[in-house]
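One-letter residues, chain by chain:
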Amino acid sequence: MPIHTLYPAERGNLRLSFEYFPPKNDEMETQLFQTVENLAAFNPAFVTMTYGAGGSTKARSLTAVRRMIHEAGFPNTAAHLTCVGAAKDDVDAIVSEFIDGGVRHFVALRGDPQGGIGARYEPFPGGYENAAALVAAIRGRGDFEISVSAYPEKHPESPDVATDIDMLKRKVDSGATRALTQFFFDNNDFERYLERVRRAGITIPVVPGILPINNLTQVSKFAGLCGARIPEVVVARLAHLDESPEERFKEATHIAAEQIVDLARRGVRDFHVYTMNRSPLVAAVCDLVGFERAAPAAAASRAAGAAA
């Protein structure tokens, strides 16, 4: 698919957001914030920071979010929050910590079962039973942006897509303002899903999640756990390039860029990119699509403003 046929005027109407995860050690922290700095040139509308189930990365998430807001120059950083494995009072206390840290945008999620993906989910005694209840609790705290998850190929625990969309509607009725989708690789799946979402009366933005494939084996394993499908045509383009890292990088760049361009041609204007805390492939994809980079001085000014 020719990338160059996405004209500059069309590219100018596209918006990006990036997902990061909290670092586990000093080396990973350095990598995270170098990635954040590298990708800041693309002026993301917002960025998100993930949060481990049951608060397993609570301290690291809070620290990373505070740094993003107050040092890196991203006051629009969204904090992920889950309700699995925790009582309501504990979750409410974490919400308060995030608010005190400057958070005005949450990504409200149920979270994976405590036994891991594939295990049976059981609401925690005295906890919020699902993401809709968590959204309602956050909405009760103030006028925050609240993003939630959506699944173009349905959540692996849902019996069917209709049940999945019903849960999304419950989250919207509770106060959600945006949906960020699980990554997918077939744009027809997203388009069919979006049509069903709109027919259900859900009008909030549904932002496609884009995952550039750094490592096909790892992404294939993750996709299997998440219920996502990697089309054979994508596998065929990458599987034979294990011993050719430069060619693999180039092909992965084109696959993700082509996906964004095709979605843009279908009318999509917002894209949520899963960075995996690495910038080279994400930056290459954004450059190939034609997203403009801000001047270095603009990024420096933003960071200075956050520190003031």
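Before reading on, note that the structure itself is shown above.
Rules behind the numbers
- Residues numbered from 1 in each chain as written.
- Predicted model: local features only at pLDDT ≥ 70, side-chain atom pairs only at ≥ 80, totals over all residues.
- Heavy atoms only, no water.
- Helix = DSSP H or I, 4+ residues; strand = E, 2+ residues; numbered from the N terminus.
- Buried < 20%, exposed > 50% of the residue type's maximum accessible area, 1.4 Å probe, protein only.
- Contact = heavy atoms within 4.5 Å.
- Pairing = 2+ DSSP bridges.
- 1 Å grid on protein atoms, 1.4 Å probe; cavity = no way out; pocket = protein on both sides within 12 Å on 5 of 7 lines; lining within 4 Å.
- Points joined across faces, edges and corners; volume = space filled by probe spheres on them.
- Nonpolar A, V, L, I, M, F, W, Y, C, P; charged D, E, K, R; others polar.
- Right-handed = clockwise from strand over helix to strand, strands pointing away.
- Phe/Tyr/Trp six-rings, centres within 6.5 Å; stacked < 30°, edge-to-face > 60°.
- Axes fitted to C-alpha atoms, helices over the stretch in contact; angles between N-to-C directions.
- Polar contact = N/O pair within 3.5 Å; in protein donor to acceptor, adjacent residues only side chain to side chain.

Visitor: It is not clear to me how the overall build of the chain should be interpreted in this structure. Could you clarify?
Guide: Helix and strand counts for the chain come out as 12 helices and eight strands. Scored against the burial criterion, the 308 residues of the chain give a buried share of 49%. A separation of at least 24 residues holds for 79% of the contacts in the chain among residues at least 6 apart in sequence.

Visitor: Would you mind going over the pairing of strand β8 (residues 270–274) with me for this structure?
Guide: Here β8 lies mainly inside the structure; four of its five residues are buried. Direction of pairing for strand β1 (residues 15–20) relative to β8: parallel, over a ladder of five bridges. When the bridges of β8 are listed, S17 appears paired with H272. By the bridge criterion, two bridges tie strand β7 (residues 206–210) to β8 in an arrangement that is parallel. Across the sheet, I210 pairs through a bridge with V273, a residue of β8.

Visitor: Can you help me understand empty space enclosed by the protein in this one?
Guide: A probe as big as a water molecule, rolled over the atoms, marks out the empty space that is left. All told, the structure shown has two cavities of 30 Å³ or more when counted by the stated rule. Counted as a void, the largest cavity has a volume near 40 Å³. Lining the largest cavity are Y151, P152, E153, K154, Q182, F183, C226, G227 and A228. The residue inventory of the lining of the largest cavity, partitioned by class, reads five nonpolar, two polar and two charged. Taken as a whole, the second largest cavity holds about 30 Å³ of empty space. Looking at the second largest cavity, the residues that line it are F185, L211, P212, I213, A252, I255, A256 and Q259. Its residues assigned to classes, the lining of the second largest cavity comprises seven nonpolar, one polar and no charged.

Visitor: Hey, could you run me through the environment of V285 in this one?
Guide: Here V285 shows up in helix α11 (residues 280–289). Separated by 31 residues in the primary sequence, V285 and H254 have C-alpha atoms spaced 7.0 Å apart.

Visitor: Teacher, can you tell me more about the pairing of β1 here?
Guide: Regular strands place their side chains on alternate faces of the sheet. The element β1 is largely enclosed, with a buried count of five among its six residues. Note: β1 against strand β2 (residues 46–49), four bridges, orientation parallel. Directly across from E19, in β2, lies its bridge partner T48. Between the parallel pair β1 and β2, the chain is carried across by helix α2 (residues 26–39), and the sense of this crossover is right-handed.

Visitor: Teacher, can you tell me more about the packing of aromatic side chains here?
Guide: The geometry of an aromatic ring pair is captured by two quantities: the separation of the ring centres and the angle between the planes. One pass over the full model with this rule turns up six aromatic pairs. When the centroid spacing of 6.2 Å and the interplanar angle of 80° are considered together, the rings of F98 and F106 count as edge-to-face. We note that F98, like F106, is buried. With a centroid separation of 5.3 Å and an interplanar angle of 5°, the aromatic rings of F184 and F190 are classed as stacked. Among the residues examined, F184 registers a relative accessible area of 0% and is labelled buried. Put simply, the rings of Y51, F98, F106 and F144 pair up and form one aromatic cluster.

Visitor: I keep staring at the sheet that holds strand β4 (residues 105–109) and nothing clicks. Help me out?
Guide: Two pairing modes exist for strands in a sheet, parallel and antiparallel, and in both the strands are linked by backbone hydrogen bonds. As summarised here, the arrangement of the eight strands in space is β1-β2-β3-β4-β5-β6-β7-β8, forming a closed barrel in which the pairing is parallel. Each strand axis lies, on average, 30° off the axis of its neighbour in the sheet, ignoring direction. Taken strand by strand, helix α5 (residues 131–139) contacts β3 (77–82), β4 and β5 (145–150), and its axis lies near 155° from that of β4. Against the sheet, helix α7 (residues 187–199) touches β5, β6 (178–183) and β7, its axis set at about 160° to β7.

Visitor: Looking at this structure, I do not really get the side chain of K171. What am I missing?
Guide: Mapped onto the elements of the fold, K171 is located in helix α6 (residues 161–173). Separated by 3.0 Å, the side chain of K171 and the backbone oxygen of S149 make a polar contact. Not counting chain neighbours up to four residues away, the residues in contact with K171 comprise A131, A132, V135, V148, S149 and A176.

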